[in-house]
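# Topology and contacts: notes
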Amino acid sequence: MYKLPVYKKIKERLEEPRRFIQVVMGPRQVGKSTVVKQVLQDINIPYKFFAADGVPNSNFHWISDCWETVRILSESKNKEYILVIDEIQKINNWSEIVKKLWDEDSFHNRNIKVVLLGSSRILLKKGLSESLAGRFEEIRMAQWSFNEIKECFGLSLNEYLFYGGYPGAIPLISSPERYEEYISSSIIEATLNRDIINDTIINKPALLRQTFELASAYSGQILSYTKMMGQLQDAGNTTTLVQYLHLLNESCLVGGLQKFTNDIARTRGTIPKFQVYDNSFKNVYFPFSFEEAIRNPAKWGNIYESGVGAYILCQAFLHRFEVFYWRERNLEVDFILRRKSIVVALEVKSNSQKTTKGLEEFKRKFNPHRTLIIGEGGLSLEEFFSIPILSLFKDS
């Protein structure tokens, strides 16, 4: 069975002496449970794996029962044990319960290592920040990269750009209806319903869905909130749209990149450039097949740039850096990456007609650490996908 690169990190953490709770987080259907189970099967430490699916969210005693089971097993065998709880965020007040039990084990020197998994980044972040500060480490997972999809399934670069990086969807691409149904029901609707609407106060669920669909359709493009409201039914006000986009971004569905400036206050008020975390979200609403899209240079150029942006957004989530765009009059740079004070400018060229004047102007005005052309006349897309993205922030 294929093993993701994150397998090594999880294995190393679980083989270390007990220090922190390990929290594996990321969007739905990217293989969090699978990779943790692979590690558990390969290390010589006994474990118990529990899943909160089907457990009433009010049953907070369930966590204590799982924990007590592992305590009994650990004490009876006088050895370390691993406790894994999947979809932990579904249980009300989970973080307070985990804090209490973890601290009890620490006080009594119980060698029980704990792994928590969750797909609702919103609820996980809230619980971790409120109760478990200083007690946990994050292990982040995102939609699969091109290299991972290629190694596991043998997809071509163009197929990856169109179909995206969800491993469960790739075997279905020969049947477009099944592929679209999987993306729509198992990813989009499950995330909207279970991770956002059910767990957050949403006054206009229909508007949330429309916002996601519109932002996905415009992925890779700049669209003002005013124009968005003109295309949405019952759109309310700009504040509502900003809130919904924040929730969609926190759920690793779609983000609104802000314009890069040296003024943080001005950056937050700029017109967003929409960007999906996975191109499957864009193309599930796309009225053209893969074969039709690739024959249309204009449509394929947008898919190409959106696919690059999806990869960059996932890498930003994994490695904790910021992503912006830049525009001034008719000059534009596709992606600006910032990690601490280091700035990198990336221009995506899907064809020879696109100029690099925006990149040249940005370099003159902001003196970035590095500028890079991806595509025609620069680094090939396969080469860009193959380099460790954090190397862009290092000296040559």
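Scroll up to find the structure this text is about.
Residues numbered from 1 in each chain as written. Predicted model: local features only at pLDDT ≥ 70, side-chain atom pairs only at ≥ 80, totals over all residues. Heavy atoms only, no water.

Of the regular secondary structure elements, the protein holds 17 helices and 11 strands. By its C-alpha atoms, the protein is 70 × 50 × 50 Å across when sized along the principal axes. Counting only residues that meet the buried cut, the protein has 52% of its 396 residues in that class. For the protein, contacts bridging at least 24 residues in sequence account for 71% of all contacts bridging at least 6. Both charge centroids of the protein, one from 51 positive and one from 46 negative side chains, sit 4 Å from each other. (Helix = DSSP H or I, 4+ residues; strand = E, 2+ residues; numbered from the N terminus. Buried < 20%, exposed > 50% of the residue type's maximum accessible area, 1.4 Å probe, protein only. Contact = heavy atoms within 4.5 Å. Lys, Arg positive; Asp, Glu negative; His and termini not counted. Charge placed at Lys NZ, Arg CZ, Asp CG, Glu CD.)

Close contact between helix α8 (residues 176–197) and helix α9 (residues 205–217) brings their axes to 12 Å; oriented N to C, the two are set at 135 degrees. What the angle tells us is that α8 and α9 run oblique. The interaxial crossing formed by α8 with α9 has right-handed handedness. Residue-level contacts link I188, E189, L192, N193, I196 and I197 of α8 to P205, L208, R209 and F212 of α9. Among the residues forming the contact of α8 with α9, the class breakdown is seven nonpolar, one polar and two charged. (Axes fitted to C-alpha atoms, helices over the stretch in contact; angles between N-to-C directions. Parallel < 35°, antiparallel > 145°, perpendicular 65-115°, else oblique. Left-handed = near helix turned anticlockwise from the far one by under 90°. Nonpolar A, V, L, I, M, F, W, Y, C, P; charged D, E, K, R; others polar.)

We now examine the pairing of strand β7 (residues 273–276). A regular strand places its side chains on the two faces of the sheet in alternate fashion. Burial along β7 is two-sided: the residues K273 and Q275 and F274 and V276 are all buried. Sheet topology places strand β6 (residues 254–259) next to β7; four bridges connect them, and they run antiparallel. Its bridge partner lying in β7, G256 is registered against F274. (Pairing = 2+ DSSP bridges.)

With the rule as written, the count across this model stands at 25 salt bridges. Between D53 and K90 there is a salt bridge; the shortest N-O distance is 2.4 Å. Pair noted here: D53 is in the loop between β2 (47–51) and α3 (61–77) and K90 is in the loop between β3 (81–86) and α4 (94–107), with a separation of 37 residues, a long-range link. Classification of K90 by relative accessible area gives partly exposed; the value is 25%. (Salt bridge = Lys/Arg side-chain N within 4 Å of Asp/Glu carboxyl O.)

What follows deals with unusual backbone geometry. A positive phi angle, close to 60 degrees, is found at C252, a residue other than glycine. Looking at where C252 falls in the secondary structure, it is placed in the loop between α11 (238–250) and β6. Of the residues examined, C252 reaches a relative accessible area of 2% and is grouped as buried. Even without being glycine, R320 reaches a positive phi, approximately 60 degrees. Mapped onto the elements of the fold, R320 is located in the loop between α15 (297–319) and β8 (322–328). What makes R320 partly exposed here is its relative accessible area of 48%.

This part covers the sheet that holds β6. With mixed pairing, six strands are arranged side by side in an open sheet as β7-β6-β8-β9-β10-β11. The sheet is open, and its two edges are formed by β7 and β11 (370–375), each paired on a single side. Taken over all neighbouring pairs, the strand axes of this sheet differ in orientation by 35 degrees on average, direction set aside.

A word on α9. Given a rise of 1.5 Å per residue, 13 residues ought to cover 18 Å, and the 19 Å separating the end C-alpha atoms of α9 matches this to within 8%. Looking at the packing, one finds that the buried side of α9 touches α8, α10 (225–231), α11, β6, β7 and α13 (279–283). (Expected span 1.5 Å × (residues − 1).)

What follows is about the layout of surface pockets. Of the volumes computed, that of the second largest pocket is approximately 750 Å³. Contributing to the lining of the second largest pocket are 37 residues, with P5, E148, Q315, L318 and H319 lying nearest its centre. Only α1 (6–15), β5 (136–140), α6 (146–153), α7 (157–163), α15 and α17 (381–386) provide two or more residues apiece to the lining of the second largest pocket. No other element matches α15, which puts seven residues into the lining of the second largest pocket. Within the lining of the second largest pocket, the residues separate by chemical class into 20 nonpolar, 10 polar and seven charged. (1 Å grid on protein atoms, 1.4 Å probe; cavity = no way out; pocket = protein on both sides within 12 Å on 5 of 7 lines; lining within 4 Å. Points joined across faces, edges and corners; volume = space filled by probe spheres on them.)

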